[in-house]
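Close look at the chain arrangement
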Amino acid sequence: MPASPSIAIYPGSFDPITNGHLDLIHRGARLFDKLIVSVLRNDAKEPLFSVEERTEMLREVVSVYPNVEIDSFHGLLVDHAAEHSATVLLRGIRAISDYEFELQMALMNRRLSPGIETIFMMSNEAYSFISSRLVKEVFSLGGDITGLVPPTVEVRLRQRLPHIQKKEK
Ligand code: PNS
């Protein structure tokens, strides 16, 4: 019997996608037959970009990977994974500070759905200090974010916050 394809979900807020996320997508796409990058629809958070804008930005940057799809979800992540027949949840760990929260989520998800495995990948050290929150903060204060996000995301940030002037070095 042929083995069933390995399908992984890479969930997150992606507000916006950073080069750290993109590195994980690049590496994850090599490990699984299908990688679904899924944006959480969370009304409680006040995002800079709508879910539609975030999925659009994601689609722009993953178009080079034929086995990567973009989706969004609300409710339990494990239910979303089951809908896609995914057996893996992919998450990145940048530093030890990420570990505690990630462990909690992984153990809760395992309790909810023992058949779904969380797999962690260590961030590329070049991106281990980047977060969407810091990118937005630095950008909104006029700092240079070149190389931290895909160019298309920098363009979107500039459109969203047109009054922000980039500081000269
Ligand atoms: O990029 P983020 O904000 O760190 O991603 C967090 C995310 C989306 C992975 C997490 O909030 C999540 O999975 N939410 C879905 C709700 C859920 O399933 N909760 C119970 C298990 S922790």
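Quick note: structure is the one above.
We now turn to the structure provided with this report. (Residues numbered from 1 in each chain as written. Predicted model: local features only at pLDDT ≥ 70, side-chain atom pairs only at ≥ 80, totals over all residues. Heavy atoms only, no water.)

**A closer look at helix H5 (residues 132–140)**
Here H5 has its buried residues at Ser-132, Val-135 and Phe-139. Burial along H5 is one-sided: seen end-on, the buried residues are contained in an arc of 60 degrees. Buried residues along H5 sit against helix H1 (19–31) and helix H6 (151–160). At the exit of H5 stands Gly-142, carrying a positive phi of roughly 85 degrees. (Buried < 20%, exposed > 50% of the residue type's maximum accessible area, 1.4 Å probe, protein only. Helix = DSSP H or I, 4+ residues; strand = E, 2+ residues; numbered from the N terminus. Arc of directions from axis to C-beta. Contact = heavy atoms within 4.5 Å.)

**Digging into the pattern of salt bridges**
Per the stated rule, a full pass over the model turns up 12 salt bridges. Here Asp-15 and Lys-136 are joined by a salt bridge, their closest N and O atoms 2.9 Å apart. One end of the pair, Asp-15, is in the loop between strand E1 (7–12) and H1; the other, Lys-136, is in helix H5, with 121 residues separating them in the sequence. Residue Asp-15 is classed as buried on the basis of its relative accessible area of 7%. The class for Lys-136 is partly exposed, based on a relative accessible area of 24%. We note a salt bridge from Glu-102 to Arg-91, for which the minimum N-O separation is 2.8 Å. Of the two residues, Glu-102 is situated in helix H4 (residues 96–112) and Arg-91 in strand E4 (residues 88–93); the sequence distance between them amounts to 11 residues. (Salt bridge = Lys/Arg side-chain N within 4 Å of Asp/Glu carboxyl O.)

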